[in-house]
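Coordinates in review
Below, each chain spelled out in residue letters.
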Amino acid sequence: MELVDRMLSGSRQALAQLISQVESDLPQAAEIMKDIHPHIHSTYTIGITGPPGAGKSTVVDKLTAQLRQDGKRVGIIAVDPTSPFSQGAFLGDRIRMQQHYLDDGVYIRSMATRGSLGGLPTSTWRVIKIMDAFGFDIILVETVGVGQVEVDIAEAADTTIVILVPEAGDTIQTMKAGLLEIADILVVNKADREGADHLATQLQGMLRMNEDKASWKTPVLLTQAAHNIGIDQLYRRFQEHHRFLHDSGRFAQRHSEQRRAEFIGTIELGVKAQIKEMLEKQGDLKNYMEAVEKGELDPYSAAMQVHLAIRNKLTK
Amino acid sequence: MAKRIRVLMAKPGLDGHETGAKLIARVLRDAGMEVIYTGMRQSPEMIVAAAIDEDVDVIGLSTLSGSHKEHASRVIDLLKQKGADNIVVLSGGVIPKEDYAALQSLGVKGVFGPGTSTRVIIDFIKSSVVSNN
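What comes next concerns the included structure. In this text, all values refer to a predicted model and were calculated from it rather than measured experimentally.

1. Quick notes on the overall build of chain B
Helices and strands together make up the secondary structure of chain B, namely five helices and five strands. Helices and strands appear in chain B in the N-to-C order β-α-β-α-β-α-β-α-β-α. Relative to the compact-globule value of 14 Å for 133 residues, chain B shows a C-alpha radius of gyration of 13 Å, a close match. Here the C-alpha coordinates of chain B stretch approximately 40 × 35 × 25 Å along the principal axes. Here chain B holds 133 residues, and the buried ones make up 55% of them. Across chain B, contacts joining residues at least 24 apart in sequence account for 71% of those joining residues at least 6 apart. Looking at chain B as shown, the accessible area adds up to about 5800 Å², and 55% of this sits on carbon and sulfur atoms. Distance from the positive charge centre (16 side chains) to the negative charge centre (15 side chains) of chain B: 4 Å.

Structure, rendered in structure tokens:
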């Protein structure tokens, strides 16, 4: 595919256009992913999440600077929510990463969730793989962590960094366990504010309760990202986790699981689409639909009859 | 899923007032577009690099301090150089009416000063993007 060839030979424009295409879930996406596959060399993904206002974008900015100093090429995916009403989005994370705007070794892509319930766009994995094929060593994915978002980011990232602010200390007991459970590294940012040490101590206490001898011990760090304080420590911890994942074999295992999930997920999408097409061609669906909407037929009986019709069609 | 319209809102030069740009950004978001806001004090190089990396359909240049022609000209030249001149460039902010024609001859597809109906801007963008694709 021509666009893929151009991307592989280094065109950022082609990279950007490919990402747009796989974001759209068009049939092209499968073709693109096929062509990309032989060029993937298993890049490393760092997920950065936490409540709004915690300083995630600033941390991404400073971490990127450290990675660049180490000669690493960095791809950044900055995610913001799509409005469920207008389907539009305000994507303002990259504003905190201005120092990297003209650096060829950094690529920033703002993505809207586009209706995905888990807080990460469904196309995230495709985008990560394209960035991998382009040649980025590390991909940073930044997303807002509230509600059930945590699960998505933890699945997508090799190292998950959760960023909190000292004010969270008051609500830590009621905070959803999710954020703490998925963190490979916990960061209390804006640590110059009151309550920072107290929160850090509380977090360490809560983590100790869940300790499992064989696994990674999640560190709690204090940072002031805006002043570049504590970032080198964060970087060292990330490097430790990186080594841990590789040495323990978990990196390979995670990626094997990810490929499996992507395979099954794509099959499911295809099956849904095919069945929808079958039902629409069938014509009966409209009758069932009207009866159900009017309340004449209950949804469950209607669904059972539709399932039966599909099974009959498939086993013919 | 239809392709979403992506817009880059940028403030080139030394303007310190972003209220207008942010307002338009929200208006466009509410009209279903994905708006990337790159912030203030952007150089034309930064704007074009961001526009290409984010694969936007439209660049909105917001200026209030008089540098609209210079910046529009530089942005449009850079877009041509990089083979990205299918991106629609629009100007907004405080721009004297007598400069509208000059901007358009530079390649700016639309100039929207204060008081322009947001509906006009939204419709203009939607029709420009359709005709491009």
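2. Regarding the packing of helix H3 (residues 28–36) of chain A against helix H5 (residues 124–134) of chain A
All names here are of chain A. It is the contact of H3 with H5, at a shortest axis distance of 10 Å, that shows an interaxial angle of 35°. For the crossing formed where H3 meets H5, the hand is left-handed. Here Ala29, Ile32, Met33 and Ile36 of H3 lie close against H5, whose contacting residues are Arg126, Lys129, Ile130 and Ala133.

3. Thoughts on the sheet that holds strand E3 (residues 89–91) of chain A
One open sheet accounts for six strands, arranged E3(A)-E2(B)-E1(B)-E3(B)-E4(B)-E5(B); its pairing is parallel. In this open sheet, the two edge strands, each paired with only one partner strand, are E3 of chain A together with strand E5 (110–112) of chain B. Between one strand axis and the next, the sheet turns by 20° as a mean value, whatever way the strands run. Along the sheet, helix H1 (residues 19–30) of chain B contacts E3 of chain A together with strand E1 (6–10), strand E2 (34–37) and strand E3 (58–63) of chain B; its crossing angle with E2 of chain B, the most-contacted strand, is approximately 160°.

4. Considering the environment of Leu78 of chain B
Residues and elements named next belong to chain B. Note that Leu78 resides in helix H3 (residues 68–81). Each C-alpha atom of the pair Leu78 and Pro44 lies 7.7 Å from the other, and the pair is 34 residues apart in sequence. If sequence neighbours within four positions are ignored, Leu78 has contacts with Pro44, Glu45 and Val48.

Calculation notes
Residues numbered from 1 in each chain as written. Chains lettered and ligands numbered in written order. Predicted model: local features only at pLDDT ≥ 70, side-chain atom pairs only at ≥ 80, totals over all residues. Heavy atoms only, no water. Helix = DSSP H or I, 4+ residues; strand = E, 2+ residues; numbered from the N terminus. Rg over C-alpha atoms; globule rule 2.2 N^0.38 Å. Buried < 20%, exposed > 50% of the residue type's maximum accessible area, 1.4 Å probe, protein only. Contact = heavy atoms within 4.5 Å. Areas by Shrake-Rupley, 256 points an atom, 1.4 Å probe, with all protein chains shown as cover. Lys, Arg positive; Asp, Glu negative; His and termini not counted. Charge placed at Lys NZ, Arg CZ, Asp CG, Glu CD. Axes fitted to C-alpha atoms, helices over the stretch in contact; angles between N-to-C directions. Left-handed = near helix turned anticlockwise from the far one by under 90°. Pairing = 2+ DSSP bridges.

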